[in-house]
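Here are the chains, one letter per residue:
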Amino acid sequence: YHAFVGKDATRAFCTGCLEPACLISSTLGLSDAQVKEADRWAEYYEHHDKYTFIGKLEKPRVDIDELVEEALFAEEDGDYVPPAVPSDSPDLR
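Residues numbered from 1 in each chain as written. Predicted model: local features only at pLDDT ≥ 70, side-chain atom pairs only at ≥ 80, totals over all residues. Heavy atoms only, no water.

(A) Layout of the pattern of salt bridges. Taken as a whole and judged by the stated rule, the model has 1 salt bridge. In this structure, E37 engages R40 in a salt bridge whose closest nitrogen and oxygen atoms are separated by 2.7 Å. Of the two residues, E37 and R40 both sit in helix 2 (residues 32–47), 3 residues apart, roughly one turn of that helix. We classify E37 as partly exposed; its relative accessible area is 24%. Judged by its relative accessible area of 45%, R40 is partly exposed. (Salt bridge = Lys/Arg side-chain N within 4 Å of Asp/Glu carboxyl O. Helix = DSSP H or I, 4+ residues; strand = E, 2+ residues; numbered from the N terminus. Buried < 20%, exposed > 50% of the residue type's maximum accessible area, 1.4 Å probe, protein only.)

Right, dumping it as structure tokens:
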């Protein structure tokens, strides 16, 4: 479950996909049945004795999920071109 920590992973709960690209809040392109799966999980955690509510995630000022989703769709369509990294940029690894 560590992949879910600190993230709105609604899409992962809807689809069962645990890949990094699925650990986002967007339900764009999912069926009604898949979206209802998120509600089922929310209800499960809300009423289960083992799980305790500890807080809510705040939505970031920039919707990073939306940006990631746009990049993923563009990559699937072959339209995604990664931004160039200037040669004088520090190594961020």
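There's more to say after this.
(B) Representation of the state of the cysteines within the structure. With the rule as written, the count across this model stands at 1 disulfide. With its sulfur 2.1 Å from that of its partner, C17 forms a disulfide with C22. Sign of the S-S torsion, about 75 degrees for the bond between C17 and C22, identifies this disulfide as right-handed. Owing to a relative accessible area of 13%, C22 belongs among the buried residues under this scheme. (Disulfide = S-S within 2.5 Å.)

(C) View of a nonpolar patch on the surface. Residues I64, L67 and V68 make up a contiguous nonpolar surface patch of about 230 Å² in total accessible area. Note that V68 resides in helix 3 (residues 64–77). (Patch = residues over 30% accessible without salt bridge, like charges linked within 9 Å, V, L, I, M, F, W, Y side chains within 5 Å. Areas by Shrake-Rupley, 256 points an atom, 1.4 Å probe, with all protein chains shown as cover.)

(D) Geometry of the side chain of E69. For E69, the location among the structural elements is in helix 3. Lacking a salt bridge, the buried E69 has R11 as its closest oppositely charged neighbour, with an N-O distance of 4.2 Å. Sequence-distant contacts of E69, defined by excluding residues within four places in its chain, comprise R11, I24, S26 and L28. (Lys, Arg positive; Asp, Glu negative; His and termini not counted. Contact = heavy atoms within 4.5 Å.)

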